[in-house]
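Chain by chain, the residues run as shown.
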Amino acid sequence: MRSLLVSRLGESPLMTDLPVPEPGPGEVRLRIAACGLNFADLLMIEGRYQEKPPLPYVPGMEIAGRIDRVGPGVAGLAPGMRVAVIAGHGGLAEMGCFAADRCIPLPEGMPFEAAAAFPIAYGTSHLALDRRAGLQAGETLLVTGAAGGVGLTAVEIGRLMGARVVAVARGAEKLAVAGAAGADHLIDSDTADLKAELKVLGGVDVAYETIGGAVFEAAMGAMRPEGRMLAIGFAGGTVPQVAANRLLVKNLSVIGLYWGGYLSFRPDVLRDSLAQLFAWYGEGRLKPHVSHVLPLSQADQALALLRERRSTGKVVVRCDASA
């Protein structure tokens, strides 16, 4: 089977033929229809992510496909079932074996490309805004990197939760995508004074911050009293440092979120969140935005789209057309 293989951290993965694996106890084998790419995949390939799979490994943490075979001890799943899998890695291949308890049956009619773009991005935004920040209807939500994979889902979910959404992204094309997802106000991230523009809008109750650096600093400066800053990521490359005295003056909170961490210490929280999100999808209230779908043979180009920020929403790799 064709697989994209990482042999050395920091080096480009290479397309490789690997043997078809057999599922072990508690595992299923999947014909991988589609793999959604995440910024974390790039960090993992570079060796800069908090999780480091043993080398060599196949990248791709967000997967959708059809079960091909089940291993011993698997109940409730059967060959032919369509599922999404939160795998951690292994997605950029035609087939793979994954833990059965990481599989999520797909709603009827949900395309594989949408399913591969769904759990991590929407799950991150839902847990961040609902569980961690307690976003309330009528509050002002700032989303930075608002046309990216997770940022765009934060715009959608924030709007669905009744917030006034301020979207920050670079350029008219990306801002238009955020506007179509429901943002009430659009700000180009190249503006001369982001903090001032946010203050003109009345300030921010909850900031969903994905960029770091100067954008984080501007958002902090525009927080209202009792504001909640969600530290989601640092795509700009600079991890900000927060002086505690700034938190005291306005009674601010800085809240971290590592969505994948819930898989180990509170998987029930993830299950409940994903159940709500798939229900919203079934009701037509969430519409995954996939800007690019590329074949597995062009997986390196798909990763480049993400690395160079030339995509909006999600980039998806189509792995096995027969799935």
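Structure first, text after, so check above.
Residues numbered from 1 in each chain as written. Predicted model: local features only at pLDDT ≥ 70, side-chain atom pairs only at ≥ 80, totals over all residues. Heavy atoms only, no water.

In this structure, Pro 56 follows Leu 55 across a cis peptide bond, with omega equal to -10°. You can see Pro 56 is positioned in the loop between α1 (39-46) and β4 (62-70). Residue Asn 251 is not a glycine yet carries a positive backbone phi of 55°. The residue Asn 251 is located in the loop between α8 (244-250) and β13 (253-256) in this model. (Helix = DSSP H or I, 4+ residues; strand = E, 2+ residues; numbered from the N terminus.)

Looking now at the pattern of salt bridges. For the structure shown, the criterion picks out 17 salt bridges. For Asp 68, the salt bridge is made with Arg 31, and the minimal N-O distance between the two is 3.8 Å. One end of the pair, Asp 68, is in strand β4; the other, Arg 31, is in strand β3 (residues 27-36), and 37 residues separate them in sequence. Classification of Arg 31 by relative accessible area gives partly exposed; the value is 30%. Asp 320 serves as the salt-bridge partner of Arg 31, at 3.1 Å between the closest nitrogen and oxygen. Taken together, the positions of Arg 31 in strand β3 and Asp 320 in the segment after β15 (314-318) put the pair 289 residues apart, joining distant regions of the chain. Salt bridges here are not isolated pairs; linked through shared partners, they connect Glu 22, Arg 29, Arg 31, Asp 68, Arg 69 and Asp 320. (Salt bridge = Lys/Arg side-chain N within 4 Å of Asp/Glu carboxyl O. Buried < 20%, exposed > 50% of the residue type's maximum accessible area, 1.4 Å probe, protein only.)

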